[in-house]
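This is what each chain is made of:
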Amino acid sequence: MSSFIVYPAIDIRDGKCVRLQQGDYNQETIYNDSPVSVAKSWEEQGGKFIHLVDLDGAKAGHPVNDAIIGTIAKNAGVPVQVGGGLRTLADVEKLLGLGVSRVIIGTAAINDHAFTEAVLAKYGDKVAIGIDARGGYVATHGWLNTSEVRAEDLAKELAAKGAETFIYTDISRDGMMQGPNIEGILSMAATSGKTVIASGGVTSLDDLLRLSVHSGSGIGGAIVGKALYTGNIDLAEALQALDSK
């Protein structure tokens, strides 16, 4: 059995399941009107953990699609992790109260260190730090802004504060179907000494197999979005291939 986890992704905007290209809100493709039914489909195909992003929340700075997220979390027979607009302890507690297994802190990890440290201290392994990078530098606010902080430096700093799981997205790869930035992911895992979940650019079963080879070097899994919706990756087939390794 593989310890490498595939996280099928559901990005929610205006109550629908969508995908953005490189985080651009003007380059949106709607794949399904019901994120709830999509989540059920991923579970039925063998998904062990579902990744949800509240795109409206990421832009607004607070959860927006929490009713849909709560419905998915309560009805899914598998754990759910959620990111997008979590900036306060109250927002985090609300989502965890809705049945979410793990929350993802993104923009606030760089903009509000006191909040991030408080969340890590209180909830520990129920928290993942989402580090989205453009050219090696952290991007914030739904990828709308690029900071002057290096992604690896932020990971190292937050690992020292108690972060155990990071989600690393190379924005240049996201939605482009060009394959993941394995070198960057491995570098972040080595620098932080923690588990890193790969995100952005996973296009094929081969990409998943290449990532899973490094599960002993800190790559704990991969988030897969567009490739599932286009049919480039069949979730059930991919999970079977990984489990037979």
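Going by the structure above, here's the rest.
The rules behind these values
Residues numbered from 1 in each chain as written. Predicted model: local features only at pLDDT ≥ 70, side-chain atom pairs only at ≥ 80, totals over all residues. Heavy atoms only, no water. Core = buried A, V, L, I, M, F, W, Y, C linked by side-chain atoms within 4.5 Å. Buried < 20%, exposed > 50% of the residue type's maximum accessible area, 1.4 Å probe, protein only. Helix = DSSP H or I, 4+ residues; strand = E, 2+ residues; numbered from the N terminus. Contact = heavy atoms within 4.5 Å. Axes fitted to C-alpha atoms, helices over the stretch in contact; angles between N-to-C directions. Parallel < 35°, antiparallel > 145°, perpendicular 65-115°, else oblique. Left-handed = near helix turned anticlockwise from the far one by under 90°. Phe/Tyr/Trp six-rings, centres within 6.5 Å; stacked < 30°, edge-to-face > 60°. Pairing = 2+ DSSP bridges. Lys, Arg positive; Asp, Glu negative; His and termini not counted. Salt bridge = Lys/Arg side-chain N within 4 Å of Asp/Glu carboxyl O. Polar contact = N/O pair within 3.5 Å; in protein donor to acceptor, adjacent residues only side chain to side chain.

I'd love a proper account of the nonpolar core, names of residues and values included.
Grouped together as the largest cluster of nonpolar side chains are 66 residues, with contacts concentrated most on Ile10, Ile105, Ile129 and Ile131. Top contributing element to this core by residue count: helix α7 (residues 151-160), with 5 residues. Beyond its immediate chain neighbours, meaning those up to four positions away, Ile105 contacts Leu86, Val92, Phe115, Thr116, Val119, Val127, Ala128, Ile129 and Gly130. If you look at the next biggest cluster of nonpolar residues, it comprises 8 residues, including Ala9, Phe49, Ala128 and Ile167.

Account for the packing of helix α1 (residues 35-44) against helix α3 (residues 66-75), with residues named and values stated.
Between α1 and α3, whose axes approach to 9 Å, the crossing angle comes to 25°. Judged by the inter-axis angle, α1 sits roughly parallel to α3. Regarding α1 and α3, the two cross each other, and that crossing is right-handed. Where α1 approaches α3, its residues Pro35, Val36, Ala39, Lys40 and Glu43 are matched on the opposing element by Ile68, Thr71, Ile72 and Asn75.

How would you sum up the packing of aromatic side chains? Please name residues and give values.
One pass over the full model with this rule turns up 3 aromatic pairs. Centroid distance Tyr7 to Phe49: 5.1 Å. Interplanar angle 50°. Geometry classified as tilted. Taken as a pair, Tyr7 in strand β1 (residues 5-13) and Phe49 in the loop between α1 and β4 (50-54) lie far apart in primary sequence, 42 residues in all. Their ring planes at 75° and their centres at 5.6 Å tell us that Trp42 and Tyr229 sit as a pair that is edge-to-face. Of this pair, Trp42 sits in helix α1 while Tyr229 sits in helix α10 (residues 226-230), and the two are 187 residues apart along the sequence. The exposure classification of Trp42 matches that of Tyr229, with both residues buried.

So what's going on with the pairing of strand β7 (residues 127-134)? Residues and values would help.
Where burial is concerned, most of β7 is hidden: 7 out of the 8 residues are buried. For strand β6 (residues 102-105) and β7, the ladder comprises 3 bridges, and the chain directions are parallel. Counted as the bridge partner of Val103 is Val127 from β7. Both β7 and strand β8 (residues 137-140) contribute to a ladder of 2 bridges, which runs antiparallel. The residue bridging Ala133 from the neighbouring strand is Val138, located in β8. Where β7 folds back on β8, the antiparallel hairpin that results is connected by 2 residues, among which Gly135 adopts a positive phi of roughly 65°.

Could you give an account of the pairing of strand β10 (residues 165-170), with specific residues and numbers?
Counted residue by residue, β10 has 6 buried out of 6 residues, so it is predominantly covered. The side-chain alternation of β10 yields two buried faces, one formed by Thr165, Ile167 and Thr169 and the other by Phe166, Tyr168 and Asp170. Relative to β10, β7 is paired through 5 bridges, and the arrangement is parallel. Paired with Asp132 across the strands is Thr169, a residue of β10. As paired elements, β10 and strand β11 (residues 195-199) share 5 bridges and run parallel to each other. Counted as the bridge partner of Tyr168 is Ala198 from β11.

Quick rundown of the side chain of Asp132? Include the residues and the values.
Looking at the element boundaries, Asp132 is found in strand β7. Within the buried core, Asp132 has no salt-bridge partner, and the shortest N-O distance to an opposite charge, that of Arg134, equals 9.0 Å. Polar contacts involving the side chain of Asp132 include one to the side chain of Thr169, which spans 3.3 Å.

Provide a residue-level description of α3, including the pertinent values.
Those residues of α3 that fall on the buried side of the exposure criterion are Asp66, Ile68, Ile69, Gly70, Ile72 and Ala73. At its buried positions, α3 is contacted by β1, α1, β4, β5 (80-83) and α4 (89-97).

So what about the environment of Ala128? Which residues, and what values?
For Ala128, the location among the structural elements is in strand β7. Exposure remark for Ala128: the relative accessible area of 0% places this residue in the buried category. Sequence separation between Ala128 and Asn181 is 53 residues, and the spatial gap between their C-alpha atoms is 20 Å. Those residues in contact with Ala128, other than ones at most four positions away along the chain, are Arg102, Val103, Ile104, Ile105, Thr165 and Ile167.

In short, the description is geometric, and any link to function would need to be established separately.
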